[in-house]
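For reference, the chains in residue letters:
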Amino acid sequence: MKSHDFITIARSILEADARARERAADEASDHVGTYTSAQTSALATLLAATAAAEKDNSALEAELHAINELTSTGHVDLNHLSPLHEIVLNDIPSQLREYVSDLLEG
């Protein structure tokens, strides 16, 4: 993926609006096959950090889904996902707890 397009997605992931973050995570998932290995690991790290701070469950679900898609490339390791340890599992719905747990178990 060209740098300009990559930066656009990365910036969108950091939007203040939860709906915009959700759309950005969905877009990140849509382009998994076009990222370089460095872009893949950088996006996974950025999405994990965003998910750790996320207050909106719909956006969180989209972020976790995008991370899951990125991990399928083989370019993401548990170090990239370490921000997910900051999520208080009891503060999120059970299906999202399972998502987080599965990602951290690798």
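Residues numbered from 1 in each chain as written. Predicted model: local features only at pLDDT ≥ 70, side-chain atom pairs only at ≥ 80, totals over all residues. Heavy atoms only, no water.

Engineer: Help me out: how do you make sense of the pattern of salt bridges in this one?
Structural biologist: Pairing is possible between side chains that carry opposite charge, provided their charged atoms lie close to one another. In the structure shown here, the tally under the stated rule is three salt bridges. The partner of R19 in a salt bridge is E22, with the nearest N and O atoms 2.4 Å apart. Of the two residues, R19 and E22 are both situated in helix α2 (residues 18–30); the distance of three residues between them amounts to about one turn of the helix. The exposure class assigned to R19 is partly exposed, which follows from its relative accessible area of 38%. Between R21 and E54 there is a salt bridge, with the nearest N and O atoms lying 2.6 Å from each other. With R21 in helix α2 and E54 in the loop between α3 (37–53) and α4 (57–71), this pair connects stretches of sequence that are 33 residues apart. Overall, E54 belongs to the buried group, its relative accessible area being 11%. Connected through shared salt-bridge partners, R19, E22 and D56 make up one network. (Salt bridge = Lys/Arg side-chain N within 4 Å of Asp/Glu carboxyl O. Helix = DSSP H or I, 4+ residues; strand = E, 2+ residues; numbered from the N terminus. Buried < 20%, exposed > 50% of the residue type's maximum accessible area, 1.4 Å probe, protein only.)

Engineer: Just to check I follow, could you spell out the environment of D91 for this structure?
Structural biologist: Structurally, the position occupied by D91 is in the loop between α4 and α5 (94–105). Judged by its relative accessible area of 59%, D91 falls in the exposed class. Counting along the chain gives 36 residues from D91 to K55, while the straight-line C-alpha distance between them is 9.6 Å.

Engineer: Would you explain the layout of surface pockets in this entry?
Structural biologist: Remark: the empty space left among the atoms is shown by a probe the size of a water molecule rolled over them. Empty space within the largest pocket amounts to approximately 170 Å³. As for the largest pocket, its lining consists of A51, A52, A53, E54, K55, N57, L60, E86, I87, V88, D91 and I92. Broken down by secondary-structure element, the contributors of at least two residues to the lining of the largest pocket are α3 and α4. Element by element, the count of residues in the lining of the largest pocket is highest for α3, at three residues. When the residues that make up the lining of the largest pocket are grouped by side-chain class, the tally is seven nonpolar, one polar and four charged. (1 Å grid on protein atoms, 1.4 Å probe; cavity = no way out; pocket = protein on both sides within 12 Å on 5 of 7 lines; lining within 4 Å. Points joined across faces, edges and corners; volume = space filled by probe spheres on them. Nonpolar A, V, L, I, M, F, W, Y, C, P; charged D, E, K, R; others polar.)

Engineer: How should I be thinking about the nonpolar core in this particular structure?
Structural biologist: As a rule of thumb, nonpolar side chains are buried together in soluble globular proteins. The biggest cluster of nonpolar side chains holds 29 residues, and the ones touching the most others in it are L47, L64, I67, L70, L81, L84 and I87. Excluding residues within four positions of it along the chain, L64 makes contact with A51, L84, L96, Y99, V100 and L103. (Core = buried A, V, L, I, M, F, W, Y, C linked by side-chain atoms within 4.5 Å. Contact = heavy atoms within 4.5 Å.)

Engineer: I'm lost on α3 in this one. Help?
Structural biologist: Along an α-helix, a turn takes 3.6 residues, which lines up residues three or four apart on a common side. The end-to-end C-alpha distance of α3 is 25 Å, a good match for the 24 Å that 17 residues give at a rise of 1.5 Å each. For α3, every residue scored as buried is listed here: Q39, T40, S41, L43, A44, L47, A48, T50, A51 and A52. In this fold, the buried residues of α3 make contact with α1 (3–13), α2 and α4. (Expected span 1.5 Å × (residues − 1).)

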